Each structure stands twice: as structure tokens, then as C-alpha cells.
Amino acid sequence: MEGGESMTVTLNGRPEAVQAGERLIDLINRSGVEVPHVCYHPQLGPIQSCDTCMVEVDGRLVRACGTVAADGMTVVTCSSRADAAQREAFDRILGNHMLYCTVCDNNNGNCTVHNTTKLLAVEHQEIPYKPKPYEVDMSNPFYRYDPDQCILCGRCVQACQTLQVNETLSINWEDPHPRVLWDGGAPIGESSCVSCGHCITVCPCNALMERSMLGEAGYMTSLSKPALDGMIDVVKGIEPEMGYGAILQVSEIEAHMRESRIKKTKTVCTYCGVGCSFDVWTKDRHILKVEPLDGEANGVSTCIKGKFGWGHINSEDRLTKPLIREGNVFREASWDEALTLVARKFSEIKAATGPDSLAFISSSKCTNEESYLMQKLARAVIGTNNMDNCSRYCQAPATTGLFRTVGYGGDAGSISDIAQAGLVLIIGSNTAESHPVLATRVKRAHKMHGQKLIVADLRENEMAARADVFFRPRPGTDLIWLSAVTKYILDNGLANQKFIDQWVNGAADFRKSLESFTLEMASERCGLPMETLTKVARMIAEADGVCVLWAMGVTQHIMGSDTSTAISNMLLATGNYMRPGAGAYPLRGHNNVQGASDHGAMPNYFPGYQKVDDPEIRAKFEKAWNVTLPPKPGLDNHMMVDAIHEGKLKAMYLFGEEMSLVDSNANYVSDALSKLDFFVVQEIFFTETCQFADVILPGSPSLEKEGTFTSTERRIQRLYQALEPLGESRPDWIIIQDIANRLGAGWKYEHPSQIYEEIAPLTPLMAGVTYERLEGYKTLQWPVAEDGSDQPLLYTKGFKFPDGKARFYPVPWTEPTDQQNAEYDLHLNNGRLLEHFHEGNMTYRTEGIREKTPCTFVEVSPQLADERGIQTGSWVQLTSRYGKVKAQAVITTRVQGRELYMPMNSTDEAVNRLTSSHTDMATHTPAYKETSVQLRVLGEIGSDPLPRTNSRHGHPTPQTGVEVERKWKRTDYRQPGDHLVQIQTGNA
């Protein structure tokens, strides 16, 4: 039909407007008509394996999930033929599934099989239940698969193959007894399964369940197996006489009883910056499961950390009481004693050496409200701008690059824009391990929808292995090839000149700045074929929308800000802003590193990136806070460490940050922390950094408090309190307020919502943010106007500069630091591991994660391994100009030549004992990725540091989805209702 014309379908005799491309099942569901559907899930699309959604369309039986609505259709869902086909299909399902709901841990009101049995008012089944000849698979530490309860709907396979795109699960439809397979038949625990949880979340019954639910969710499910089996036998014995209706009533009473002891609380993930949200189910303090469904960023998706990495919440070594140092030991103290000491010492140091002799560092893991209070404590109570957060370690250069060119220091759009881009370019980001759920959207678009993917990285990570084009520039040369590609695009008439003329300033000077960046120069300096550079340039220029994703492989160089700027320059040259499916996407590493900076935890900005040295801005905050504020920017994290060594900085208040391990040149940083006159650390565990503290205050993790987080896509979301604080620990915002009030502040916040009521009027970027507008799963993406309207896509009407135009920003190339020589002859790269978050303070406390990745390691190329006589498991010592560590080797083609890679997941052998104090010139972000080392083989050989249960040893089985057509080809399959058509035809 012509665009804009309405379409109408007659549904059960009633006209219904339909949208182009809308599936019948979606139309039926939104119309309020009840039709059974077991395999269909709106986030997975049509699977067509269960056949329960059969309806009549123009007199023909079809699957509603697999049929697209068309103008003029007549649809009947409740005809005798449709009803018979639906019942026949569901009866086949019950032949694969034993109904024992009352003693099932999945009897929680959301079991699709149970609810469909009730919807169809099934009393008896025609096809008897028949068990399958397989054992229950308990080999994964987080979930189990029970083949006898599996209805073979294929939801789990579809999720794994086409949403998560790990491509582990399949069904061999040709097998006499089909079941779900992992890597074609391996035990789950020895397969390529990454324990993301997609399969469990979408399972419509109890075939796949979290092990943390088993024996815990129901009132009778903790009984011994013989007792449970006996009860199931009783139920099956009375079913022929009583029917399922009465039995289901009993199970529903038991399910209703569970509601009084199972609490379901919406929260936001506390790991990376994707911003996954979900319900966490708790029974007392036991975490039953995480259930994603309605999160704007993630839907049903999670990764291993968000789904299962919650062991830290109830860990036995949680800090639950304040600790005060006495000599070389710590003793427990009351809150009154600890807070009094902190206030007294802060006051004494301020009086003796001035407010700028104190410094404050906020946590990127804690809430926006807590970062706001931390910077208010520093500025309004102490009187210093010595305030920072861990964006200094990672994303400050990306923010600077965007401030220079387009005006906002955040993602140009949303994750949905990345998914719809014609081409995604990933630079210096191990996206599938560092931002797993976001990576699924790229993998899905690439596999299912033809999106093109280019990856530039030193290491062949998962996204690189999937890419259409993957290339390895020499370390520290990304700015060169980006500038050369941009020059090629401009020189060859491939740029979007209309966009440049209308929307970008500085084109002439920018073109001139690119003169030296020829493809020949880039090829030589970057070690890349000119053909590759030309191909990349043309793919970018020809794509229908380009999104560039980058992370610490770009930002953690001395030219991190300049390389980020070069990325944005290239996007401007090709017109890849101001439209959906395009733009710049620096991937934020922590759950609230974006929010910590947004809310003023920086030395040079008040909340909303309002400059502290702007008299007008400062006067606004002075009036609101009724104080005089310091006029000059303060020290950032890097400058603080130097100031301690210089004797200028005397005291520090740090919360939620493992500074002694995550800052670069860790030995130098630790030495500085030991020199502080007074050091307050607020934490949930006794971390490595705590050993330098004078007072340790026990804070609360995310499940024990309320507040908001801001994700990588500028998305502000509420989290709700699921558990009471453990022991005497307290939410961090309460602790900060207590300290401020001991210092005479007189703050009176009773709930984090009151803190945001103060933030919004002071911060134009968040002017319309309220807790009411963020209720439940509602979100806002800044900037948020006073009326509550937000901007999921930035720059639709212009750029954040006075004239509304973006700016080309010329950048030169700078030689990397810490280069290789005869003594330090290898380049060491570092980064994240899927299973762990940073050093692992939280994730190592989840037993299943520790089992799969028990320690750190160093990746060594086969070439270097042959040259040095190294094998997987060999112990080696890495020595840099700054320190040394010991680790086991893993031989892998992920790295090449003289490149090494070491993940961050260690507190004992932290990679940052090897990194330098060199920093990005504009932001002081450490140049973590510029590290040269020597390697010494120690002679000892241990077992593989990646145990057999690690997914990296698995062998995925890629396919296009469930491949239900293979089921339809089985000799024992016929479409439900076919015999009815034959009977009617014969009687005609």
C-alpha cells in the first residue's frame, strides 16, 4: 500500500487498524483477545515451533506469530477449527512436560505452560507424558537443564542464536528424541555457554532454571527428591478423576502464598555502563534470581555478571562496622566515634593547611545523588574543588573530544541507534566482554539484518572475529589512520559536503591540518595495507548511517583526547550526526561513571558541566547553598597523587574506588596513599586500598539503597532498595550527610528524591528530572527540559554551541610514551574479562565466576611462545620500568607477534603495577595502554589458568535460529488442524 494509508483487519468480526509489517499475534495481543502462544516472545520474534497460536485467516489455518497482517484480512481466533488446532498443539506440548506445579520452584504466576493450561481449561491430556532418555544437566554453576520438562519450544535456542548471538544452543530435530544441545551435545559446563542467562529468562516453563531458585522458591520444593516424587505421583494419580482444573487451583493458592515472602524489586545493574535494569527476586536476604524483561537498554538480556554476579551482597567479608586504625591494625568502632574522628581531623587539617590540602574522590559505582553530595561536601563544606571520580581513568578523553567538536560529552543517541546503523566501527573496545549486552545488539544486527562491522584493535576479540573487516594498527596510531581515512574521504568527493556546509565550522583549517595524513603515511606508521585503509574509507562513506564505538583502547593513551576528537571529526565529515542510526558512542565502563561526572564529581565542573570558574554559575550555587565557593578548578586524581608526594595534599576522602590498584603506576600511587596524614575510605569490603586508611566506613551496595544511575546512553534510571543494609553498614548518601553535618552543614535529606529535587533546578541538563518521571521502568535521557521532555537522539536541531554549528577540531599526532627497546622488548596491552569487573573485588565473591576464571593470566602469541619456549600454564614474570608481576601464560592467536595481553582481574598480581604515570595531555587520563615489558620464563608449569569449564574452550554451533523447518520435515510431524481440513474437504 502507499505510505501513510491505514490498513484494517477484521478480528473476530471487529475492525482493527494495523501497522505495516505488524504480526497477527501482536495485533491480537494488543486488542485484548486471548490466544494461546507458548513459543512466541515479542523480543525474539516468530519461532513457529509450538503451533498453539493457530487462527483462521480468510478460512485458512495459520500460525498467528508467523503471519503478517494485511489490509482486508478476516481473522477468527475462536472458531471450532482454530480452537481444535490450538488444543491439539498444546496437548503435544503436555506430552513433553509433567505438570507438578504445586511442588515446582517455577510456580510463581509467570509459567507460560501453567497459564496456557488454565487459559484452555485443559482437564485431561490426550497424549500421555513421556520422559526423555537424558539426565538433568547440573554442570553449570548457575543454572540447570531438565530435558524431561523441556517442551522443545526453541525459545532458548532462538535467544542464544539470534539475540545474544553466542550461538551455543541448538536442537537436533533429526534425533529420535530431540532435546536442547549445548555445542552440539557437550555438558553445559564444558560448552561455549557464557552464562548470560538469556535462555533461562525466556524459558516458558521450568526446564531451564536458576540453581539459586531450586528448593528455595516454593513452600514444599525443599523436600527431598523421594518425597517430591511421591507427591508428584499422588497428583498424577488423582488427575484422571479430578482433572487439571482442581489441581491448578491448589497450585495457584500455593503460588499466591509465595507472594508474601518473595520480594521483587526493580534495580539497575552495578557493573558496566550499559544500564541493564531488571527485577531482583529475594527471600529474606537470599537472592533467588534476576529477571530482566522491561529494561529500556536490555529487555530480556543480561550478562553473567548482571544475571548471576551478586555473591558480594551477602559475602561473609562485607564490612559491617566502622574501623579505626591503631598502629598497624584496625579495631571496630561505633559510628559516633568514627564520624567524630573524621570531622575533627578534617577540621584540624583545613585550619592548619587550608581547604585545598584535602581531596575528595567519588565512586562511579554509587548513585548520582551520592556523587552530588560528595562534591557539595568538598565545595560547600570544606571549600575545595579537589574533587574527581574514576572517569579520569577511562572516559574523560572521549568527553573532551566530543566537547571540542559537537558540544555534549555523551553518546549521540541510544543503543537502538547502534542496532539500526548501516555500519558499526569499533575502535579499541572489547565490546563483547566489556559491554556484553550492548554487543548483542551489534551481533544481532550484523548476523540477522546485514549490518556491516569494522573492528580496529590490537587483539582479535570476539567482535573482531565476527567483523567484515578487522585490522590491527600498531599501538598508539589510531589517530593517524582515522585522520588519513577522513582525508581520503574529503579528497575523493566522498564527504557529505552539504552537511559540512550547513552544520560544521572550520572546514578549511581542518582540511589543511590533514595534509600530512596521506594513506601512504598511515600505511607506513600504522603497519596497515593501503588497500585496507581505502576499503574502510569507502565503507564508511557509503554506509547508511555509521556509529563509532570506542573505549579504553583509544582513551588510555597520551593522545586519547585527540584520537577521540579525530573520531568525531570523521563523523562530521561524513554527516553522521543529527540522524538516527549514526554518531559517536564512547562506551562508559562503569554503571555510573557517566552520572558521577554529570553530577559534578569533577575538579572543574559543577553538576551539568557548569564551569566552577564562571562567576555567574558560581554565584547561582553560592546562593542555593548559602556559602562562598572556591573560584579555581581543583586537582584531579592524577594531580592529587603528585600533590601528596609533594607534601601539599594532607587528607583524602575516597569512597567506592580501588584506587591503589586501578590507578596507573600502582606502586607510585600506593606509596602516595601511605604518606597521607589522614585517609578515609568508604567501602563494602576491606580492599587493597583500605590498608592505607585511617578510618574505614562501611557503605552499602546498590541493592541496599535507593537512587539513580546514568548509563552510557545518557539514560537516567531509578534503583529501589531490595534489602536492608547489612549489619551496621549504611547507604553512602547517609554517611556523606552525617560527615557534612558533623562539620556544621545542617543538611536534612531524608530520601534521595529530596537530593534530586535540589539538583534539578540548579542543573539545566537535568532540569526536568523527577523521581515521579523515573518511576518503575520509566527513564529519561539528558538533556531533560523542565517539562520532562528528553532527547534520546542528540543534535536534531543543532549542536551545543552558540551558533548551533559543530566544529572541526584539528589534532596532531603525538608519539606514544614508554616505547619498546632492547631491554623492554614487548608491548603489553590490558583490559577487561567478561566474567569479572576490573580487579574482581565484587565478582570474585561469586563462587561460580571464581570457578570459571580463578585467576589472571597473560596471553602470549604462538610465535612468541615458540621463540621463548612457553606453553599454556607456564609461569612468567613481566617487568616494566615501574614494577613487576607474575602470571601464567595462555597461548592464543588472539594476540600476534610481540603483543601481550593481560586482563585486570587480580588484586595480587595487578597489571597496573606495570603501567606508567604518563597521561593524556588534555585530561590526565593515564596512558595504561602504553606499556613496554620484558618477559622472563620462570620454569614452573601449572595447569591452564582457564579451566576446562571456561567458555573459551567451547565450540559454538552457529545457525540461523531454531530452524523449525527441520522439525516440520520430521515424519511424525503434521500441522495441527490439518486433519480437520481433510475431513471437511471429504464431506464437501
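Now for a quick tour of the structure. (Residues numbered from 1 in each chain as written. Predicted model: local features only at pLDDT ≥ 70, side-chain atom pairs only at ≥ 80, totals over all residues. Heavy atoms only, no water.)

### Brief notes about the overall build of the protein
The number of helices and strands found in the protein is 33 helices and 37 strands. Taking 30 Å as the expected radius of gyration for a compact globule of 988 residues, we find that the protein reaches 30 Å, a close match to that expectation. Projected onto the principal axes, the alpha-carbon positions of the protein cover approximately 100 × 70 × 65 Å. For the protein, the proportion of contacts with a sequence separation of at least 24, taken over those separated by at least 6, is 74%. Element-wise, carbon and sulfur atoms account for 50% of the exposed surface of the protein, whose accessible area totals about 35100 Å². Here the protein holds 98 positive side-chain charges and 122 negative ones, and the gap between their average locations is 2 Å. (Helix = DSSP H or I, 4+ residues; strand = E, 2+ residues; numbered from the N terminus. Rg over C-alpha atoms; globule rule 2.2 N^0.38 Å. Contact = heavy atoms within 4.5 Å. Areas by Shrake-Rupley, 256 points an atom, 1.4 Å probe, with all protein chains shown as cover. Lys, Arg positive; Asp, Glu negative; His and termini not counted. Charge placed at Lys NZ, Arg CZ, Asp CG, Glu CD.)

### Describing the packing of helix α16 (residues 478-491) against helix α22 (residues 560-573)
Across the interface, α16 lies against α22 with an axial gap of 9 Å and an inter-helix angle of 15°. Relative to α22, α16 is oriented roughly parallel. Crossing of α16 over α22 shows left-handed handedness. Across from Asp478, Leu479, Leu482, Ser483, Val485, Thr486 and Leu490 in α16, the residues of α22 making contact are Asp562, Thr563, Ala566, Ile567, Met570 and Ala573. (Axes fitted to C-alpha atoms, helices over the stretch in contact; angles between N-to-C directions. Parallel < 35°, antiparallel > 145°, perpendicular 65-115°, else oblique. Left-handed = near helix turned anticlockwise from the far one by under 90°.)

### Some details on the nonpolar core
Ranked by size, the top nonpolar core spans 158 residues in total, and within it Trp481 and Tyr577 carry the most contacts. Those residues in contact with Trp481 that sit more than four places away from it in its chain are Leu425, Ile427, Ala456, Phe471, Pro473, Ala522, Cys526, Leu528 and Leu533. Core analysis: the next-biggest nonpolar cluster, separate from the first, contains 52 residues, Tyr143, Cys199, Val202 and Cys203 among them. (Core = buried A, V, L, I, M, F, W, Y, C linked by side-chain atoms within 4.5 Å. Buried < 20%, exposed > 50% of the residue type's maximum accessible area, 1.4 Å probe, protein only.)

### Description of the sheet that holds strand β26 (residues 678-683)
Either a parallel or an antiparallel arrangement is found when strands of a sheet pair, and the pairing is made through backbone hydrogen bonds. Spatial strand order, β14-β13-β27-β26-β25-β15-β16: seven strands in an open sheet with mixed pairing. Each end of this open sheet is capped by a strand with a single partner; those strands are β14 (329-332) and β16 (387-388). With four bridges connecting them, β26 and strand β27 (residues 695-698) associate as parallel partners. Its bridge partner lying in β27, Gln682 is registered against Leu697. Sitting on the sheet, helix α25 (residues 637-645) touches β15 (358-361), β16 and β25 (651-655), and the angle it makes with β15 is about 145°. Against the sheet, helix α28 (residues 732-742) engages β25, β26 and β27, with an angle of about 155° to β25. (Pairing = 2+ DSSP bridges.)

### Some points on the side chain of Ser906
Summarising the element assignment, Ser906 is placed in the loop between β36 (899-903) and β37 (932-941). Apart from the residues lying within four places of it in its own chain, the contact partners of Ser906 are Leu661, Glu839 and Thr856.

### Here we look at the pairing of strand β13 (residues 323-326)
Inspection of the sheet shows β13 paired to β14 by four bridges, in the antiparallel sense. Bridging across to β14, Arg325 finds its partner in Phe330. Hairpin connection, β13 to β14: the antiparallel pair is bridged by two residues, and Gly327 has positive phi, about 70°. Both β13 and β27 contribute to a ladder of two bridges, which runs antiparallel. Among the inter-strand pairings, Leu323 is bridged to a residue of β27, identified as Ile696.

### Brief notes about the environment of Met902
Along the polypeptide, Met902 turns up in strand β36. Owing to a relative accessible area of 0%, Met902 belongs among the buried residues under this scheme. Separated by 31 residues in sequence, Met902 and Gln871 place their C-alpha atoms 16 Å apart. Setting aside residues no more than four positions away along its own chain, Met902 makes contact with Leu828, Asn829, Asn830, Gly831, Thr856, Phe857, Leu878, Val885, Ala887, Glu909 and Val911.

### Examining a nonpolar patch on the surface
Together, Tyr219, Ile253 and Met257 make up a nonpolar patch on the protein surface, roughly 280 Å² of accessible area in all. Considering the arrangement of structural elements, one finds Met257 in helix α7 (residues 244-258). (Patch = residues over 30% accessible without salt bridge, like charges linked within 9 Å, V, L, I, M, F, W, Y side chains within 5 Å. Salt bridge = Lys/Arg side-chain N within 4 Å of Asp/Glu carboxyl O.)

### A look at unusual backbone geometry
Residues apart from glycine generally show negative phi values, whereas peptide bonds are mostly found in trans. Cis geometry marks the peptide bond from Trp782 to Pro783, where omega comes out at 5°. Even without being a glycine, Tyr609 presents a positive backbone phi close to 60°. Considering the arrangement of structural elements, one finds Tyr609 in the loop between β23 (605-606) and β24 (610-611). The phi dihedral of Asn626 is positive, around 60°, even though this residue is not glycine. Tracing the sequence through the fold places Asn626 in the loop between α24 (615-625) and α25.

### Brief notes about the pattern of salt bridges
Summed over the entire model, instances satisfying the criterion amount to 50 salt bridges. Note that Arg974 and Glu88 form a salt bridge whose closest N and O atoms lie 2.9 Å from each other. Of the two residues, Arg974 is situated in the loop between α32 (964-968) and α33 (978-987) and Glu88 in helix α2 (residues 80-94); the sequence distance between them amounts to 886 residues. Residue class for Arg974 comes out partly exposed when judged on its relative accessible area of 39%. Overall, Glu88 belongs to the buried group, its relative accessible area being 16%. Beyond isolated ion pairs, a larger network of salt bridges with shared partners links Glu167, Lys443, Lys447, Glu462 and Arg466.

### A look at helix α14 (residues 436-448)
Between its first and last C-alpha, α14 extends 18 Å over 13 residues, near the 18 Å set by a 1.5 Å rise per residue. Within α14, 10 of the 13 residues are buried, which leaves the element mostly enclosed by the surrounding structure. Looking at α14, one finds that the buried residues are Pro436, Val437, Leu438, Ala439, Thr440, Arg441, Val442, Lys443, Ala445 and His446. Phi for Gly450, located one or two positions after α14, is positive at around 80°. (Expected span 1.5 Å × (residues − 1).)

### Re the pairing of strand β12 (residues 286-291)
Pairing of strand β11 (residues 277-283) with β12 involves five bridges; the strand directions are antiparallel. Bridged to Thr282 within β12 is Ile287. Where β11 folds back on β12, the antiparallel hairpin that results is connected by two residues, among which Asp284 adopts a positive phi of roughly 55°.

### Examining helix α9 (residues 335-353)
Taking 1.5 Å of rise per residue, the 19 residues of α9 would be expected to cover 27 Å, and the 27 Å separating its terminal C-alpha atoms lies within 8% of that figure. What α9 keeps buried is the set Trp335, Ala338, Leu339, Leu341, Val342, Ala343, Phe346 and Ile349. Positive phi shows up at Gly354, right after α9, with a value of about 90°.

### Side note on the packing of aromatic side chains
As enumerated under the stated definition, the model contains 26 aromatic pairs in all. Centre to centre, the rings of Phe606 and Phe621 are 4.3 Å apart; their planes meet at 15°, and the pair counts as stacked. Pair noted here: Phe606 is in strand β23 and Phe621 is in helix α24, with a separation of 15 residues, a long-range link. A residue is classified by how much of its surface remains accessible, and Phe606, at 1% relative accessible area, is buried. Lying over the aromatic face of Tyr219, Arg261 brings its terminal NZ or CZ to 4.0 Å of the ring centre. The cationic tip of Arg714 hangs over the ring face of Trp782; the distance from NZ or CZ to the ring centre is 5.6 Å. (Phe/Tyr/Trp six-rings, centres within 6.5 Å; stacked < 30°, edge-to-face > 60°. Lys NZ or Arg CZ within 6 Å of the ring centre and 35° of its normal.)

### Considerations on the sheet that holds strand β28 (residues 707-710)
Within the open sheet, the three strands sit side by side as β28-β29-β30. Their pairing is antiparallel. Sheet topology places β28 and β30 (780-781) at the edges, where each strand pairs with a single neighbour. As paired elements, β28 and strand β29 (residues 715-719) share four bridges and run antiparallel to each other. Note on β29: the bridge partner recorded for Thr708 is Arg718.

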